Structure formats: C-alpha cells, structure tokens
Amino acid sequence: MDSFDMSLMAAVMIVIIIVMRKFLINKIPHQIWTILWFLVIVRMYIPYKIETKFNFYNGVYHIRRMLAENDLLKIGYQEYYFDRVLQNFLNSPSVKWALFFIWATGVIFMLRYFCKDFGLAKTLWRKSEKSITCEHSQRFLWTFGLNKKVEIRQSDEINMPLAYGVIHPGILLPMDFEDYSRPAMRHILFHEYFHLKYMHPLLQIVVISILCINWFNPIIWVWYHYMNRDMEIACDRHVLDLIGKNERESYAHPDCILDLPCP
C-alpha cells in the first residue's frame, strides 16, 4: 500500500470519527476518542491492509454502476475513455516523478517549519532559569502526589506556560507567574503536568510527522486540529478530577482558561 492509499483510507476513518465526535462528544468517555485517534495513527504508520473486495476504491465504481443500471446516471463511451486516459496519465513515469518532487518539496517545507518551532522552544528552555517560584511549584505538585520527574523553570520571553520535552520533561513558566491568582497557578501547573504525564509532547511529534508526510491531504490537517484540541480537553478533565467539585467553577472562569498550546 503506497502513501496515497494510506492517506486516503486514514482520511475516511478521520471523517467518520469527526462525525461521531460531533454527536457523541459528551455522551461517551473521552478515552474512547483517544483510542480512535490512536487507531488513525496505527493506520498511518502500518503499511498493510486487510484484503477484501469491499473497499473504498471499488466501492466508487460499484456505486457508479448501480446508479447507471437504475438510469440515475448516464455513463457512455466518453466516460470510460476518460477513465483510461486518466489512469494512463497517472501511471506515466514522468508524472509519477513530478508528483514525487512536489510531495517531497512539501515535506521539506513542513519539516523546516516545525523544526523551527521546536528549535525555538529548545532555545527558550536553555535561556530559562530556576527560581524560588519554580521550587515552590515543584513542591506543590509533590504534595498532590504528582511525582513524575518534571523540571520547572521560568523565562521572561514567554507570556504563557509551556510543557516541554520527552526524555527530560519540564514546564516553562512566564516570569510573572507569581502574580497570578493562587487558583490559576494551581490549575496551570496541573494542566501542564498532565501534558507531560501522558506524553503529549511525544504524541505531538508523532502527529506532526504524519502531518508532514501527508501535507497534501486536507483531512489530515483537520485531524491535526482535533488531536491538539482533544489533548487539551483530556488535560482539563484530568485537572477537574484532581481538584474536585469545589474548584470546578474557578477552573472554568475566563481568567483560568487553560486552552494553551503544548509544544
């Protein structure tokens, strides 16, 4: 199975999941969506298919033939001739090489774009520093039993907290973090901590690699948007489970909204 076939089949899966998500997002556990998105990742990374005569490709021709047999669609010699010409054109070596060149150029452009972002995050981390606020924040997480090894630092070059790193995970806080209200500080720390606990930075690397390879598929871009959105929702729900009902209203307050990007 080539990359185009894999991308097309994944796109069909993504559309089905998005439609299900629209109607069932609050009716089934959020973990189900995580599993479904993981199946899309598996589909994109494992280049094997189950052999069956019922698939997306011949389904198009079966539908067209059924419509023609019921006089709902007129198919004449010209349509069949166009099918053969298009197939021969796409199978031409020169066309294949041209398409490969366009695809490779897009992949290189996408990799440069995201590598620049990752490089910027790494530079911010190197320039950051530890402070008393960082030490207090780490001890605060420990008091709640959040014992994953996470380094906390501060930077004067950001205005929102960032969860960073896979091998050496850390939370990067803005310098004015101590000026936040105490509930907001707690909620932000919890939110970023859960990004790291559930390996969201690693997951984003996987998702971005799929996006770079399949940049030509608009459905993959939609999937990328929903993956990021669901990672944020997952962290929000973990925080709400941790803080309990008493603080739920303050967590939902506009000043404490944590729908922040995870690099």
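Residues numbered from 1 in each chain as written. Predicted model: local features only at pLDDT ≥ 70, side-chain atom pairs only at ≥ 80, totals over all residues. Heavy atoms only, no water.

Undergrad: Report on the overall build of the chain, specifying residues and quantitative values.
TA: When helices and strands are counted, the chain shows 10 helices and 3 strands. Seen in sequence order, the chain has helices and strands lined up from the N terminus as α-α-α-α-α-α-β-β-β-α-α-α-α. Taking all 263 residues of the chain together, 35% fall into the buried category. Sequence-distant contacts in the chain: of pairs separated by 6 or more residues, those separated by 24 or more amount to 65%. A total of about 17,000 Å² of accessible surface is found on the chain, and carbon and sulfur atoms cover 64% of it. (Helix = DSSP H or I, 4+ residues; strand = E, 2+ residues; numbered from the N terminus. Buried < 20%, exposed > 50% of the residue type's maximum accessible area, 1.4 Å probe, protein only. Contact = heavy atoms within 4.5 Å. Areas by Shrake-Rupley, 256 points an atom, 1.4 Å probe, with all protein chains shown as cover.)

Undergrad: I'd like a rundown of helix α9 (residues 218–243), residues and numbers included.
TA: For α9, which comprises 26 residues, the first-to-last C-alpha distance of 38 Å matches the rise-based estimate of 38 Å (1.5 Å per residue) to within 8%. Sitting at the head of α9, N217 places a side-chain oxygen 3.0 Å from the backbone nitrogen of I219. In the segment just after α9, G244 is the residue with positive phi, at about 85°. (Expected span 1.5 Å × (residues − 1). Polar contact = N/O pair within 3.5 Å; in protein donor to acceptor, adjacent residues only side chain to side chain.)

Undergrad: Give a description of the environment of Y193 that names residues and reports values.
TA: With respect to the helices and strands, Y193 occurs in helix α7 (residues 182–197). Each C-alpha atom of the pair Y193 and P169 lies 9.4 Å from the other, and the pair is 24 residues apart in sequence. Excluding anything up to four places from it in sequence, Y193 contacts L141, L146, N147, K148, V150 and I171. Within polar-contact distance, the side chain of Y193 engages the backbone nitrogen of N147 at 3.4 Å.

Undergrad: Lay out the pattern of salt bridges with the relevant residues and their values.
TA: Scanning the model with the defined rule gives 2 salt bridges in all. The shortest N-O distance in the salt bridge between R21 and D230 comes to 2.5 Å. Within this pair, whereas R21 is found in helix α1 (residues 3–24), its partner D230 is found in helix α9, the two being separated by 209 residues in sequence. Of the charged contacts, one joins E151 and R153 as a salt bridge, the two residues approaching to 3.1 Å between their closest N and O atoms. Residue R153 is classed as buried on the basis of its relative accessible area of 16%. (Salt bridge = Lys/Arg side-chain N within 4 Å of Asp/Glu carboxyl O.)

Undergrad: Quick rundown of the nonpolar core? Include the residues and the values.
TA: Within the largest apolar cluster, 23 residues are counted, with the highest numbers of intra-cluster contacts made by I14, W37, V40, F114, I220 and W223. Contributing elements (two or more residues each) for this core: α1, α2 (30–45), α5 (93–127), α8 (200–213) and α9. The contact partners of I220, leaving out residues within four places of it in the chain, are S7, I14, M44, I210, L211 and N214. By size, the runner-up hydrophobic cluster in this structure holds 19 residues, among which are C134, L141, F190 and V239. (Core = buried A, V, L, I, M, F, W, Y, C linked by side-chain atoms within 4.5 Å.)

Undergrad: With reference to specific residues and values, describe the packing of helix α6 (residues 132–143) against α7.
TA: Packing of α6 against α7 brings their axes to within 11 Å, and their N-to-C directions diverge by 75°. As the angle between them shows, α6 and α7 are arranged roughly perpendicular. Contacts between α6 and α7 involve S137, F140 and L141 from the former and R186, L189, F190 and Y193 from the latter. The class makeup of the residues in the contact of α6 with α7 is 5 nonpolar, 1 polar and 1 charged. (Axes fitted to C-alpha atoms, helices over the stretch in contact; angles between N-to-C directions. Parallel < 35°, antiparallel > 145°, perpendicular 65-115°, else oblique. Nonpolar A, V, L, I, M, F, W, Y, C, P; charged D, E, K, R; others polar.)

Undergrad: Go over the packing of α5 against α8, please, and point to the residues and values.
TA: Running from N to C, α5 and α8 cross one another at 150°; their axes reach a closest spacing of 8 Å. Relative to α8, the element α5 is oriented roughly antiparallel. Between α5, through W103, V107, M110, L111, F114 and F118, and α8, the contact on the second element is made entirely by I205, I208, L211, C212 and I213. Looking at the contact of α5 with α8, its residues break down into 11 nonpolar, no polar and no charged.

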